[in-house]
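Remarks on the overall topology
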Amino acid sequence: MSDRRLEIEGLSKRYGETVALREMTFDVRAGELFGFVGSNGAGKTTTMRIVLGVLSADAGTVRWDGEPVTLETRRLIGYMPEERGLYPKMKVGEQLTYLAQLHGMGAAAARRATEEWTERLGVAPRRDDEVQKLSLGNQQRVQLAAALVHDPRILVLDEPFSGLDPVAVDVMSEVLREKASHGVPVVFSSHQLDLVQRLCDRVGIVRSGHMEACGTVDELRTGGADRLVVDAPQAPSGWTESVPGVKLLGRHGTRTELELLDGTDDQAVLKAALATGPVHEFARRRPSLTELFRSVVTEGARR
Amino acid sequence: MNLSGWGAIRLVANREITTRLQSKAFRISTAVMILLLIALTVVIKLIGSNGSDATVGYTAPNAALAAPLQVSAKALGQNVNTRQVTEAQAQQAVRDGSLDAVLVGDGTHVQVVVKKDLDSDLRNALTVLANRLALDQQIATLGGNPAQVNAAVASAHVEVQPLEQPKQYNSQQLVLGIIAGVLIYLSLMINGQSVAQGVVEEKTSRVVELLLATIRPWQLMAGKVLGIGAVGLLQILAIAIVGVIAALTTGVLTISVSAAAGTVIWLIVWYLAGFLMYSIVFAGLGALVSRQEDVGGAVTPALMFVIAGYVVGVSVLPSNPGSGLVEILSIIPVFAPTLMPMRLAMGGVPVWEAIVSLGLVIALIPVLIWLTGRIYRNAVLRTGAKVKLREALSAS
């Protein structure tokens, strides 16, 4: 099986009494952007650290291209840790070359790749400056360069977008897309859900160390209950109470947002709305990733 | 895209070497130490060529006492210069300090004028002189010849038959030993601590997470220790060689070149053994904390042994080079790196002691590597509060 897929299977990890991961399972296909979302402390960073071999799991395996990941395979991963890490007193260029060499590149190739990536990410003029002298945003760019400089076959990025300005976000998105288009499985975590929704082929929502929902954004969105937005200016408050199988989500001005329970006919809702007067808008709305995320997280909390 | 274990260690060591060689602090501290050592040899040279401990004046009636005073001072290990002064000059010269004392009176007994009090060494020399003067006078009164009696007294001596040949400690070798001790001590302090600081720097800046994704913890630790060790070796070698050359050319050091080379070689062997032993421990202890401010506290327990060995060495050895306590301590691995090189520079160390103490240190190193490798692996990714030693050792 040679599909260059990154598979995370049944990872479990506990710290004493605290369960950090329980049976974490998902896969990232070659050429795919995978968004890894979840609240703080849900286990995203722990999962990534285990993939990188920085932490060891209590149980479970990480495979790439059908084989368990070893130190040699890990050198093929481009990694951006959540806690950014570079030598503050080392020059940007030397630092990137050093990191590329640690990933197994020859000295000359490492220097070439350093030049290429610093130019691409707009930090080439700062190559001879110490990292600590750079602005936070530029340090972020160097950090990304550090993840890319050794021409990785797998990308694992923990919160790559946090702290970036809009221009840098665009550069980062473009780079990630390009890497994916070359057949690299890319997994990144983020709290910017609109960005994840726009960028990712598939999304995994984590809660309490477990993968709660995983699939394309469309799959996830259709999985949830149907929602309706009705703009009926003359409708009195509480007009939906008489309609069976409908849950009121909220009313903003003249617009009412509803959730249809299973098997409810939306035409019955329309009739009820028209009965109150004119209807300016009647639309089926699928939940955004943010709403999905909220429902997954709160559902779990209720359980 | 392949990196062997050695390749990884070499890369890490290389980075440490270039970073340190480029650092201003390192270059300046090395230059300062070399200059200090050269200055020291020049100062010793200047003091040595002068060589007088006291200057004593004498008035004309006391001229006959000048030579015996120098002789009796010499017997007590003192160099006394003498010079004739007039009564009028005497008081003034003592007052302005150009003379330590002036012999006055009629020359029949010893009488001196001093500014405030008499230096105790000079007092001893003068007391001997007074005794001798009294004796001479008595001999003369009894009708004897003082010169003859003195000759007879001078030729009489104790015949000693030693069962064992005692080690003669040459004062130059003592100085050499102390300098060797200071160098080793400074090197261990500076380079050992920079290993701990380097570990914490990686931990604080979190770069360690990026590094450990590509290489194993022990490779990172080994590379760091070897890199910093190599730079330290270069430093100590430069200082030692410049120092020995300066001392030999100025004539401060009159021991043979081969003995000096032997001292330098022993210094280097012990630097390497001591540095490896201590820096491995420092790396492990450094991994326990997350902030530079805490490094000092974390490495103190290990540092105490370095300091203790050094302090015992410099305080006991100069007065008692053959001290039994130092002999025993210098074989115990934790004290050996500071004490043994001092003893070796002073000479007279039985071969078996040198071998046993070095052997014990070398035998201890693999144990320490195993132990601190474990601490390092468990603690290096845990930031925040200080990791307890027991936790770091027990966690898988």
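Keep in mind it's a predicted model, so treat the numbers as computed, not measured.

1. Digging into the overall build of chain B
Looking only at helices and strands, one finds 15 helices and four strands in chain B. On C-alpha atoms alone, chain B measures out to a radius of gyration of 30 Å, which is more than a quarter above the 21 Å that the 2.2 N^0.38 rule sets for 396 residues. Over its C-alpha atoms, taken along the principal directions, chain B stretches across nearly 100 × 50 × 40 Å. Taking all 396 residues of chain B together, the buried fraction comes to 39%. Partitioning the contacts of chain B with sequence separation of at least 6, the portion at a separation of at least 24 is 75%.

2. Here's the deal with the packing of helix H10 (residues 257-286) of chain B against helix H13 (residues 336-346) of chain B
Helix-helix packing is described using two parameters, namely the angle between the two axes and the distance between the axes. Residue and element names in this part refer to chain B. Contact geometry for H10 and H13: axes closest at 9 Å, N-to-C directions at 175°. Between H10 and H13, the interaxial angle falls into the category roughly antiparallel. Residue-level contacts link Thr 263, Trp 266, Leu 267, Trp 270, Ala 273, Gly 274 and Met 277 of H10 to Pro 337, Met 340, Pro 341, Leu 344 and Ala 345 of H13. By residue class, the composition of the contact of H10 with H13 is ten nonpolar, two polar and no charged.

3. Some points on the nonpolar core
Counting 156 residues, the largest nonpolar core has Ala 145 and Val 156 of chain A together with Ala 196 and Ala 283 of chain B as the members making the most contacts within it. Ignoring anything within four residues of it in the chain, the contact list for Val 156 of chain A reads Met 48, Val 51, Leu 52, Ile 77, Tyr 79 and Val 187 of chain A. Counting residues in each nonpolar core, the second largest holds 19 residues, with Tyr 58, Leu 69, Val 80 and Leu 103 of chain B among its members.

4. A closer look at the sheet that holds strand E3 (residues 33-38) of chain A
Note: strands within a sheet are paired through backbone hydrogen bonds, in either parallel or antiparallel orientation. All names here are of chain A. Spatial ordering of the open sheet is given by E6-E7-E8-E3-E9-E10, a layout of six strands whose pairing is mixed. Edge positions in the sheet fall to strand E6 (77-80) and strand E10 (210-216), since each has one partner strand and no second. The sheet shows a mean angle of 15° between the axes of neighbouring strands, direction not considered. Sheet analysis places E6 next to strand E7 (residues 154-158), joined by four bridges and oriented parallel. Paired with Gly 78 across the two strands is Leu 155, which belongs to E7.

5. Things to note about the packing of helix H9 (residues 217-250) of chain B against helix H14 (residues 351-379) of chain B
Residues and elements named next belong to chain B. The interhelical angle for the contact between H9 and H14, taken along N-to-C directions, is 115°, at an axis separation of 9 Å. The hand of the H9/H14 crossing is right-handed. Note on element contacts: H14 touches H9 through Gly 373, Tyr 376 and Arg 377, opposite Pro 217, Trp 218 and Met 221.

6. Things to note about the pairing of strand E2 (residues 80-84) of chain B
Residue and element names in this part refer to chain B. In this sheet, E2 lies alongside strand E1 (residues 54-58) in parallel orientation, the contact comprising five bridges. Considered in E2, the bridge of Thr 55 is made with Asn 81. As for the winding sense of the linkage, the β-α-β connection from E1 through helix H3 (residues 63-75) to E2 is right-handed.

7. Regarding the interface of chain A and chain B
Between chain A and chain B, the contact holds 24 residues from the first and 20 residues from the second. Those elements that place two or more of their residues in the side of chain A that touches chain B are helix H2 (71-74), E6 and helix H3 (92-102) of chain A. The element that contributes the greatest number of residues to the side of chain A that touches chain B is H3 of chain A, accounting for four residues. For the side of chain A that touches chain B, a count of residues per class yields 15 nonpolar, five polar and four charged.

8. Some thoughts on the pairing of strand E4 (residues 59-64) of chain A
Residue and element names in this part refer to chain A. Relative to E4, strand E1 (residues 6-15) is paired through five bridges, and the arrangement is antiparallel. Bridge pairing in E4 places Glu 7 opposite Arg 63. Inspection of the sheet shows E4 paired to strand E5 (residues 67-68) by two bridges, in the antiparallel sense. Bridge pairing links Arg 63 to Pro 68 in E5. The turn linking E4 back onto E5 is made up of two residues, and Asp 65 within it adopts a positive phi angle of 55°.

9. A word on the environment of Asp 165 of chain A
Residues and elements named next belong to chain A. Here Asp 165 shows up in the loop between E7 and helix H6 (166-181). When the 11 C-beta atoms within 10 Å are taken as the criterion, Asp 165 is described as exposed. When the C-alpha atoms of Asp 165 and Gly 137 are compared, they prove to be 7.3 Å apart, with 28 residues separating the residues in sequence.

10. Considering the sheet that holds E1 of chain B
Residue and element names in this part refer to chain B. The four strands lie next to each other as E2-E1-E3-E4, forming an open sheet whose pairing is mixed. Two strands close off the open sheet at either side, each with one partner strand: E2 and strand E4 (111-113). In this sheet, neighbouring strand axes are inclined to one another by 30° on average, regardless of whether the strands run parallel or antiparallel. Strands E1, E2 and strand E3 (101-104) of the sheet are contacted by H3, whose axis makes an angle of about 175° with E2. On the sheet, helix H4 (residues 87-95) packs against E1, E3 and E4 and is oriented at approximately 155° with respect to E3.

11. As for the confidence of the model for chain B
Residues and elements named next belong to chain B. Averaged over every residue, the pLDDT of chain B is 84; residues scoring 70 or more account for 95%. Within chain B, the lowest mean pLDDT, 77, falls on helix H15 (residues 389-394), and the highest, 90, falls on helix H1 (residues 5-22). Here the predicted complex carries an ipTM of 0.78, next to a pTM of 0.73.

12. As for H9 of chain B
Every α-helix carries 3.6 residues per turn, so stepping three or four residues along brings you back to the same face. Here H9 of chain B contains 34 residues, and its C-alpha end-to-end distance of 49 Å stays within 8% of the 50 Å for a straight helix at 1.5 Å per residue. Immediately beyond the C-terminal end of H9 of chain B, within one or two residues, lies Gly 251 of chain B, with a positive phi of roughly 80°.

The rules behind these values
Residues numbered from 1 in each chain as written. Chains lettered and ligands numbered in written order. Predicted model: local features only at pLDDT ≥ 70, side-chain atom pairs only at ≥ 80, totals over all residues. Helix = DSSP H or I, 4+ residues; strand = E, 2+ residues; numbered from the N terminus. Rg over C-alpha atoms; globule rule 2.2 N^0.38 Å. Buried ≥ 20, exposed ≤ 12 C-beta atoms within 10 Å, placed from the backbone. Contact = placed C-beta atoms within 7 Å. Axes fitted to C-alpha atoms, helices over the stretch in contact; angles between N-to-C directions. Parallel < 35°, antiparallel > 145°, perpendicular 65-115°, else oblique. Nonpolar A, V, L, I, M, F, W, Y, C, P; charged D, E, K, R; others polar. Core = buried A, V, L, I, M, F, W, Y, C linked by C-beta atoms within 7 Å. Pairing = 2+ DSSP bridges. Left-handed = near helix turned anticlockwise from the far one by under 90°. Right-handed = clockwise from strand over helix to strand, strands pointing away. pLDDT = per-residue confidence, 0-100. Expected span 1.5 Å × (residues − 1).

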